[in-house]
Amino acid sequence: MTFYLNLAVTGLLQGLLIALAALAVSLCFAVARFPNAATGDLMTLGAYTGVAGQRVTGSLIAGVVLATAAVALLSLASYALVFRRLIRARSLVAPLIASIGFAFLLRSVLTFFVGFDQLSFRLPIARSLVFGGVRIRPSDLWLVAVAVATLAAVLAVLFLTPVGRRMRAIADNPELARASGIHIRPVMITLWTLIGVCSAIGGIMLGLRTVVVPEMGWNLLLPAFAAAVLGGVGNPAGAVLAGVALGLIEALSTPLVGFTYQTAIAFVLLIATLVLRPQGLFGQAEPVR
Amino acid sequence: MLGYLEAVGTVGGIYALLALALNLQYGFTGLINFGVVGFFAIGAYTSALLAMQGGPFLLDIAAAAILAAIFSWPLGLICLRLRDDYLAIVTLAFAEIVRTVIVSEEWLTSGTRGIPGIPRPFAGLPAGTAAVAYLGLVLATVVVTAVLMRYLVHSPFGRMIQAIRDDEDAVPALGKNPASFKLVVFSFGAALTGIAGALYAHYLTYISPDQFVPLLTFYIWMAVIMGGAGRLGGAIAGAALLTVFLEGTRFLRDLIPFVSEVQMASLRLAVIGLLLILFTLYCPQGLLGRRIA
Amino acid sequence: MSLAVEHLHKSFGGLRVVEDVTFATDPQAITGLIGPNGAGKSTLFALITGYQRPDSGSVRFGATSMRGLSASARARHGVARTFQIPRPFRHLSVRQNLMAAGPRQPGEHPFNLLFRRHAVARRERELEQRADAMLAFLGLEAVTHALSGTLSGGQLKLLELGRALMTEPRYILLDEPFAGVNPVLIEQIAARIRTLAARGTGFLIVEHNLPALAALACHLLVMDRGRLIAAGSPDTVLADRAVQDAYIGGAA
């Protein structure tokens, strides 16, 4: 029993991580209407910047703040320089391909200067807390807190602020929103900043739990996309729930499936969703063809 | 020198086959296939494993094509009635799963150790002639495929797939169902990609999972976009450009000694990323394409 | 072929876009559908042609219920439609656009490309001839081989019509067929519609060009805010007070 509880703890952490990435993906899916393949490498960059920030300032928190700012700026730059001109009503291929290009660009600049060596954050050594056989590291508690806070903050912006309301209006019906005169720019600035923040925190979280390598973010793309689809395209809150669920399912099925096939689970769930309920658990049905 | 040109020609020809397949799927039908390397790997490993068991060359190639097509069928059935981007995500994931399976199922694929000693056809011939013969085989395949593509594209079938690419939602109003057309194109393209994989395996005589990474998929995407998606010559032109680019960067390394291997790999990736961005922004029709206002 | 629509309902979110719409048209009847923008006419078209599924209600063509039939199945049953904003296949030529609409071309199946080449070639020639005749009728011969993406708005409207006619339909839903088309051509198209209707093809036409529509249609339906508010001969309907009220501010 405690074995499964420990797995569940791992699963919750993994799930929150996927949820952060899925939220970034889902926001872009909903408002800008394309799957953003650069999300993974934004996360990677967040982790690297975080490590660099910690090395330079000695403080992990400073590293996190630096990373978040840097990735948010990069995300905004990607919109201003690339995606702004490519997002069109009916074609999503162009921004999708460009996002692949941007992902490659980010990763290659990183590896050009930093190489492929594995880096890691400096964490204070602390004893795990034990609750009846379940081991929890103190750093994990902080991770949960930060992840939940970030998710809550982003969702709060989306659902409780005027700019978030406008963002959701654009997501629901872009033509109508444009016709009704909603100012696109502040919404887009908010959107891409939020995407950057989620990616940065997600990347740092991943780096704290594992190690910092160039492929780390790209490897999280599939679970993030699967969660976004499972939660319902156009439903960021659904993507978060789906992400957490996916993390739990992946962890709890490790004894059955083995560690290497964990990503296969995301794939299987994705396929199952597309077969049984393409609009996702919480999405709206698309018009009939 | 001749040996080098033969090598470049053979690998370039294989890229051309991959680009022709992707051009049919994306350029002419609008399918976003991000799983090219997955079908490439299935073709390569199927052919290699059969060959190691003593299977004749033609059988190996045929099996590669058939197996790749078989794997593409359920993916197509599920995704092609849905939004375009779902196919992209699913095929990307599929390619990763293929690679994971290849790495994990060592009893079948020897995992990361790879499969060495894949028999080459024309083994009886002297080495120089054998290389030329293989190059001839690959180029002949490219020519036959290109001719087949031309015939297909100019046929009523080709008319319908281009209609689907241009405006899929208008097609049902004509009494025709886009999904069945898309499925045929997807599977045919997958089979072709499988054949390319088989030719690749028999040429290199050694395959391992490291050779089947997502980057290869996007090399081919770059080739198709640069050459001109939806243009018959575009795939071949793009493959030629890709080959020049890859070989060119290899030479560059010799000229600039202070750049390490790792940095050269990074530069390559950066150029590919940049080209993908720049082409989608400023030249989406490719170098051979026509722009419609 | 006749069309019968019964108690059709469609809501998006909380908004009732089509509310309890019921009407029937006779074969050989040309029915017009008018109403201010946002009245739900396009959604009604989508429901009838299978592009959207209704929340409730039924659609029947002739004696056949359309329940559960996809858009392409309905089109194969003989129901053609045009789109309000033309949807050409931009990278295909005008003639290829028309030929793509031609039914029963075995060459659309790869198997037949290999094994039934004569049948394919024969049908291609037939479709070419029909397409050329259509181009002549629509006055588009000059742009036969031009890429349809380069056509003007009015030309695209004509191409939409031509494509729908190429499917050999028994019922045609036209969405603003006269918009951007010159008056002489409007009259030629109207004459063609009358001929086809006399031979049994049903028509449901959405138009804002009321004079042209009133001259063509024998029966007029009026929609406003999702509901059918009037039905009858053009003279009766256009004199109806409710219709005039609804149309204040709309196109006339």
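The structure presented is a predicted model; accordingly, all values stated were derived computationally and were not measured. (Residues numbered from 1 in each chain as written. Chains lettered and ligands numbered in written order. Predicted model: local features only at pLDDT ≥ 70, side-chain atom pairs only at ≥ 80, totals over all residues.)

### Structural notes on the overall build of chain A
Counting secondary structure elements, chain A contains 12 helices and two strands. For chain A, the N- to C-terminal ordering of α and β elements is α-α-α-α-β-β-α-α-α-α-α-α-α-α. Compactness check: chain A gives a C-alpha radius of gyration of 19 Å against a globular reference of 19 Å for 289 residues, within 12% of the reference. On the principal axes, the C-alpha backbone points of chain A span a range of 60 × 45 × 35 Å. Looking at the 289 residues of chain A, the share that counts as buried comes to 51%. For chain A, the share of sequence-separated contacts (at least 6 apart) that also reach a separation of at least 24 residues comes to 78%. (Helix = DSSP H or I, 4+ residues; strand = E, 2+ residues; numbered from the N terminus. Rg over C-alpha atoms; globule rule 2.2 N^0.38 Å. Buried ≥ 20, exposed ≤ 12 C-beta atoms within 10 Å, placed from the backbone. Contact = placed C-beta atoms within 7 Å.)

### Side note on the overall build of chain B
When helices and strands are counted, chain B shows 11 helices and zero strands. The C-alpha atoms of chain B give 19 Å as radius of gyration, which agrees with the globular expectation for 293 residues (19 Å, within 12%). Projected onto its principal axes, the C-alpha coordinates of chain B cover approximately 60 × 45 × 35 Å. Taking all 293 residues of chain B together, the buried fraction comes to 55%. Of the contacts formed within chain B by residues at least 6 apart in sequence, a portion of 79% connects residues at least 24 apart.

### What to know about the confidence of the model for chain B
In the predicted model, chain B carries a mean pLDDT of 91, and the fraction of residues at 70 or more is 99%. Complex prediction metrics read pTM 0.91 and ipTM 0.91. (pLDDT = per-residue confidence, 0-100.)

### Focus on the sheet that holds strand E8 (residues 202–206) of chain C
All names here are of chain C. With mixed pairing, the six strands of this open sheet are ordered in space as E6-E7-E8-E3-E9-E10. The open sheet terminates on both sides in strands that have one partner only, identified here as strand E6 (79–81) and strand E10 (227–232). Between one strand axis and the next, the sheet turns through 15° on average, direction left out of account. Strand direction decides the pairing type here: strand E7 (residues 171–175) and E8, joined by five bridges, are parallel. Paired with Ile172 across the strands is Phe203, a residue of E8. (Pairing = 2+ DSSP bridges. Axes fitted to C-alpha atoms, helices over the stretch in contact; angles between N-to-C directions.)

### Focus: the interface of chain A and chain B
Taken residue by residue, the interface counts 36 residues in chain A and 34 residues in chain B. Broken down by secondary-structure element, the contributors of at least two residues to the side of chain A that touches chain B are helix H4 (93–114), helix H9 (216–231) and helix H12 (262–276) of chain A. Class assignment for the residues of the side of chain A that touches chain B results in 27 nonpolar, six polar and three charged. (Nonpolar A, V, L, I, M, F, W, Y, C, P; charged D, E, K, R; others polar.)

### Overview of the packing of helix H3 (residues 94–101) of chain C against helix H5 (residues 117–138) of chain C
To describe two helices that pack against each other, one gives the angle between their axes and the distance between the axes. Residues and elements named next belong to chain C. In contact at an axis separation of 9 Å, H3 and H5 are set at 120° when each is read in the N-to-C sense. Considering their axes alone, H3 and H5 lie oblique with respect to each other. As for the relative orientation of H3 and H5, their crossing is right-handed in sense. Residue-level inspection shows Val94, Arg95, Leu98 and Met99 of H3 in contact with H5, the latter providing Leu127, Glu128, Ala131, Met134 and Leu135. Here the contact of H3 with H5 is composed, by residue class, of seven nonpolar, no polar and two charged. (Parallel < 35°, antiparallel > 145°, perpendicular 65-115°, else oblique. Left-handed = near helix turned anticlockwise from the far one by under 90°.)

### Some details on the environment of Ile42 of chain B
All names here are of chain B. By secondary structure assignment, the location of Ile42 is in helix H2 (residues 36–52). Using a count of 30 C-beta atoms within 10 Å as the deciding quantity, one classes Ile42 as buried. Between the C-alpha atom of Ile42 and that of Ser72, which follows or precedes it by 30 residues, the distance is 11 Å. In contact with Ile42, not counting residues within four places along its chain, are Leu67, Ala68, Phe71, Val98, Gly194 and Gly197.

### Looking at the interface of chain C and chain B
Contacts between the two partners involve 31 residues from chain C, matched on the other side by 19 residues from chain B. Among the elements of the structure, helix H2 (71–76), E6, H3, helix H4 (110–115) and H5 of chain C are those that each provide at least two residues to the side of chain C that touches chain B. Taken together, the residues of the side of chain C that touches chain B sort by class into 14 nonpolar, 11 polar and six charged.

### Focus: the environment of Ala75 of chain C
Checked against the element boundaries, Ala75 of chain C lands in helix H2. Measuring from C-alpha to C-alpha, the distance between Ala75 of chain C and Thr49 of chain C comes to 7.6 Å, with 26 residues separating the pair along the chain. The contacts of Ala75 of chain C, once residues within four sequence positions are left out, are Pro172, Ala173, Leu174 and Gly175 of chain B together with Ala80 and Thr167 of chain C.

### Quick word on the sheet that holds strand E2 (residues 15–25) of chain C
Residue and element names in this part refer to chain C. One open sheet holds the four strands; their spatial order is E2-E1-E4-E5, and the pairing between them is antiparallel. Looking along the sheet, the strands with just one partner apiece sit at the ends: E2 and strand E5 (64–65). Two strands pair when backbone bridges link them, and strand E1 (residues 3–12) and strand E4 (residues 56–61) are joined in this way by five bridges, in the antiparallel orientation. Bridge assignment links Val5 to a residue of E4, and that residue is Val59. Packed on one face of the sheet, helix H1 (residues 41–49) meets E1, E2 and E4 and runs near 60° to E2.

### Points about unusual backbone geometry
Positioned with a positive phi, Arg33 of chain A is a non-glycine residue whose angle comes to about 65°. By secondary structure assignment, the location of Arg33 of chain A is in the loop between helix H1 (2–32) and helix H2 (39–57). Look at Ser110 of chain B: it is not a glycine, yet its phi comes out positive at around 60°. Inspection of the secondary structure assignment puts Ser110 of chain B in the loop between helix H5 (106–109) and helix H6 (127–153).

### Brief notes about the nonpolar core
Counting 273 residues, the largest nonpolar core has Leu20, Ala22, Leu23 and Ala227 of chain A together with Leu18, Ala19 and Ala223 of chain B as its most contacted members. Examining the composition of this core, we find that 17 residues originate from one element, H1 of chain A, more than from any other. (Core = buried A, V, L, I, M, F, W, Y, C linked by C-beta atoms within 7 Å.)

### Focus: the environment of Gly175 of chain B
Secondary-structure assignment places Gly175 of chain B in the loop between helix H7 (156–167) and helix H8 (178–204). Other than its neighbours up to four places away in sequence, Gly175 of chain B contacts Ser72, Ala75, Arg76, Pro103 and Thr167 of chain C.

### Observations concerning the pairing of E4 of chain C
Residues and elements named next belong to chain C. In terms of strand pairing, E4 meets E5 through two bridges, oriented antiparallel. Pairing of Arg60 across the sheet is with Ser65, part of E5. The turn joining E4 and E5, which pair antiparallel and follow one another in sequence, is formed by two residues; a positive phi near 60° is taken by Gly62.

### Remarks on helix H3 (residues 57–79) of chain B
Over its 23 residues, H3 of chain B runs 33 Å from end to end, which matches the ideal 33 Å to within 8%, given 1.5 Å per residue. Along H3 of chain B, the sharpest kink reaches roughly 25°, centred on Trp73 of chain B and followed within four residues by the proline Pro74 of chain B. Among the residues of H3 of chain B, those classed as buried are Asp60, Ile61, Ala64, Ala65, Leu67, Ala68, Ala69, Phe71, Ser72, Leu75, Gly76 and Cys79 of chain B. As for H3 of chain B, its buried residues are in contact with H12 of chain A together with H2, helix H4 (84–104) and H8 of chain B. (Expected span 1.5 Å × (residues − 1). Bend = angle between axes of the 7 residues up to and from the residue.)

### A few points about the pairing of E1 of chain C
All names here are of chain C. Where E1 and E2 come together, seven bridges link them in antiparallel fashion. Residue pairing for E2: Leu3 is matched across the bridge by Thr25. Here E1 folds back onto E2, and the loop between the two strands holds two residues, one of which, Gly13, carries a positive phi near 60°.

### A look at H3 of chain C
Counting buried positions along H3 of chain C yields eight of eight residues, so the element is predominantly enclosed. Taken residue by residue, H3 of chain C has Val94, Arg95, Gln96, Asn97, Leu98, Met99, Ala100 and Ala101 of chain C as its buried positions.

### As for the packing of helix H6 (residues 162–172) of chain A against helix H8 (residues 184–209) of chain A
Residue and element names in this part refer to chain A. Relative orientation of the contacting elements H6 and H8 amounts to 95°, with a least axis distance of 9 Å. As far as their axial angle goes, H8 and H6 are roughly perpendicular. The residues of H8 that touch H6, namely those facing Val163, Arg166, Met167 and Ile170, are Pro186, Val187, Thr190 and Leu191. Here the contact of H6 with H8 is built from residues that sort into six nonpolar, one polar and one charged.

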